[in-house]
Amino acid sequence: MQKVPMLAEGYEKLTADLKALREERPKIVDAIEEARAHGDLSENAEYHAAKERQGQVEAQIADLEDKTSRAQIIDPASLSGERVVFGATVTVLDEDDKALKYQIVGQAESDAKVGRISYESPLARALIGKSVGDEVEVTVPSGEKFYLIEKIEFI
């Protein structure tokens, strides 16, 4: 069973989502019972919608339970070193010498708009294991991009 690395806040978000879905279960069962009381199930749209929602919720719960059970919580503040690892905040210079700052996080907590990229993303995979001063090449849909690692922080 492969561990799923994530930050503490990512784990908290997953557990909050899991709790909300578990709280939704009884409401779905009530909706199914109410729709069932309307009679003929073959043409009962409410019943079919409630059953479909129940299937979606159960699948999401199973997925979140799997992720939380395999979670490996990593605190970036406890890390150090000269190389880029999971949890590191990396400042890179792009081809136009524009500074970009990214934190390498778990898949569930990634959000490129705020500079949090998944450790499975092409850029993060290229950065992991590299040091300050290293140049990395990343293949993106628009072609090749080159970045120079300027700073590595563990915050």
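Numbers given to residues run from 1 along each chain, matching the order in which its sequence is written. Residues qualify for local features only when their pLDDT is at least 70, as the model is predicted, and side-chain atom pairs are given and counted only at 80 or more; totals for whole chains, interfaces and linings, by contrast, use all residues. As a rule here, side-chain values cover all heavy atoms of the structure and leave hydrogens and water aside.

Here the focus is the overall build of the protein. In DSSP terms, a helix is any run of H or I states spanning at least four residues, a strand is any run of E spanning at least two, and both are numbered starting from the N terminus. The secondary structure content of the protein amounts to 3 helices and 7 strands. Mapped from its N terminus to its C terminus, the protein presents α and β elements in the order β-α-α-β-β-β-β-α-β-β. The globule rule used here is 2.2 Å times the number of residues to the 0.38 power, and the radius of gyration it is set against is calculated over C-alpha atoms. For 155 residues, the compact-globule estimate of 2.2 N^0.38 gives 15 Å, and the C-alpha radius of gyration of the protein, at 22 Å, exceeds that figure by more than 25%. Each of the three principal axes of the protein carries a C-alpha extent, and together these read 70 × 35 × 25 Å. Residue burial is assigned from relative accessible area. The probe radius is 1.4 Å, only protein chains are included, and a residue is buried under 20% of its type maximum, exposed over 50%, and partly exposed in between. Put simply, the protein has 155 residues, and 36% of those count as buried. Here a residue-residue contact requires only that any non-hydrogen atoms of the pair lie within 4.5 Å. Across the protein, the fraction of contacts at a sequence separation of at least 24, relative to all contacts at a separation of at least 6, is 52%. Of the accessible surface of the protein, which amounts to about 9,500 Å², a share of 50% is contributed by carbon and sulfur atoms. Residues scored as positive are Lys and Arg, those scored as negative are Asp and Glu, and His as well as the terminal groups of each chain are ignored. Lys charges are placed at NZ, Arg charges at CZ, Asp charges at CG and Glu charges at CD. Positive and negative side-chain charges of the protein, numbering 20 and 31 respectively, have mean locations separated by a distance of 3 Å. In these tables, accessible area is a Shrake-Rupley quantity obtained with a 1.4 Å probe, and a residue counts as shielded only by the protein chains included in the view.

The next point concerns the side chain of T68. As for its placement among the helices and strands, T68 is situated in helix α2 (residues 45-69). Judged by its relative accessible area of 14%, T68 is buried.

Once that is clear, we can look at the pattern of salt bridges. Any Lys or Arg side-chain nitrogen located within 4 Å of an Asp or Glu carboxyl oxygen qualifies as a salt bridge. Scanning all chains against the criterion turns up 11 salt bridges. E23 is the salt-bridge partner of K19, the closest N and O atoms lying 3.7 Å from each other. In this pair, K19 and E23 are both assigned in helix α1 (residues 8-36), 4 residues apart and thus about one turn of the helix distant. The exposure class assigned to K19 is exposed, which follows from its relative accessible area of 53%. Relative accessible area serves as the criterion here: at 46%, E23 is assigned to the partly exposed category. Ionic pairing is found between K151 and E153, a salt bridge with its closest N-O pair at 4.0 Å. Via salt bridges that share partners, K101, K151 and E153 belong to a single interconnected network.

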